[in-house]
Amino acid sequence: MRLVANARMYAVNAAVADAWTALFGRVAAVSGVPLDVIPYAAPAPLEELWRRPDLGLAFICGYPFATGGFELAPVAAPLPASGDGRPRYATRLVVRADGPLRTLEDSFGGRIGWTAEHSQSGFQALRTHLLPHVAKGRTLFAESVGGLQTPRRVIDAVLSGVIDIGPLDSFFHDLLLSHEPDTAARLRVIATTAPRPMPLLAASRSVDAATLAALRSALLRLTADDAGRALLAPLQLTGFAAVDAAAYAVLRQDAEAADRAGYRQPG
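Residues numbered from 1 in each chain as written. Predicted model: local features only at pLDDT ≥ 70, side-chain atom pairs only at ≥ 80, totals over all residues. Heavy atoms only, no water.

As recorded in an unreviewed UniProt entry, the chain goes by the name PhnD/SsuA/transferrin family substrate-binding protein, listed as coming from Alsobacter sp. KACC 23698.

Caption draft 1: The layout of surface pockets, seen in detail. Considered as a void within the structure, the largest pocket measures approximately 610 Å³ in volume. Among the elements of the structure, helix H1 (14-31), helix H2 (46-50), helix H5 (120-135), helix H6 (151-160) and strand S9 (166-169) are those that each provide at least two residues to the lining of the largest pocket. The element that contributes the greatest number of residues to the lining of the largest pocket is H1, accounting for five residues. Here the lining of the largest pocket is built from residues that sort into 22 nonpolar, ten polar and three charged. (1 Å grid on protein atoms, 1.4 Å probe; cavity = no way out; pocket = protein on both sides within 12 Å on 5 of 7 lines; lining within 4 Å. Points joined across faces, edges and corners; volume = space filled by probe spheres on them. Helix = DSSP H or I, 4+ residues; strand = E, 2+ residues; numbered from the N terminus. Nonpolar A, V, L, I, M, F, W, Y, C, P; charged D, E, K, R; others polar.)

Caption draft 2: Looking closely at unusual backbone geometry. Cis geometry is adopted by the peptide bond preceding Pro43, which originates at Ala42 and carries an omega value of 15°. Positive phi outside glycine occurs at Gln149, with the angle close to 75°. Residue placement: Gln149 occurs in the loop between strand S8 (143-145) and H6. Although it is not a glycine, Gln236 adopts a positive phi angle of roughly 55°. Relative to the elements of secondary structure, Gln236 occurs in the loop between helix H10 (226-232) and strand S13 (237-241).

Caption draft 3: Main features of the side chain of Arg127. The topology assignment puts Arg127 in helix H5. Of note is the side chain of Arg127, whose polar atom sits 2.7 Å from the side chain of Gln124. Leave out the neighbours within four places in its chain, and Arg127 touches Ala255, Ala258, Asp259, Tyr263, Arg264, Gln265 and Pro266. (Polar contact = N/O pair within 3.5 Å; in protein donor to acceptor, adjacent residues only side chain to side chain. Contact = heavy atoms within 4.5 Å.)

Caption draft 4: Layout of the side chain of Asp54. Position of Asp54 relative to the elements: it lies in the loop between H2 and strand S3 (55-60). Within the structure, Asp54 has its side chain in polar contact with the side chain of Arg52 (distance 2.8 Å). Beyond its immediate chain neighbours, meaning those up to four positions away, Asp54 contacts Met1, Arg2, Leu3 and Val4.

Have a look at this one:
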């Protein structure tokens, strides 16, 4: 069975999608595992991609990975160049750069957006970050606009005025800063959530152990030569790390704390 690969979660634009395709090509060549890089654009549901029995490499958010429901085997986690050398990221809360909002508290009473309930960066991290304000009995936002699904739609909603503030995956933002600086310049970051385990590359659990090991080794060895490092650079990565599956439990714990407090969605 030939395996498929996809990097939709972090394919910021066509140039970045091509960079992911090149990286997957190198992984296929080094590992000896053929990978067919397939298109899988929004609004196609990511859940269907994660359920494919022929999935060789695709990003899955840490929250659905931690909570289960998908027959996936972890392969490797990316190391953002903007980070501390660990596979961690955060959510940056963004507003229009030409607008009046300067702090999170400035946005209270306005309209907040979020992506999907299965998203750590676009939903769960937002609940966790806002929970202390909710616990103080404050009225936060006049409107909660959900179902935006992707970071790109969050950006569009902020810039068009549909929402006043929205969540942006920090690694997606890193790629935006690098590849679309004009778009990034139209956004202002006014708050950043606590760092949490990074979305990871995973494969179907039906993929045999030897194939998984070969894919993992190829990803971990990308920093071993100039050619591999050249593929990582445009993707704002310093490499990949082995996945510590237990580290993702904090994502489930954060969500459960918000549930216990009755804070069911950002707003």
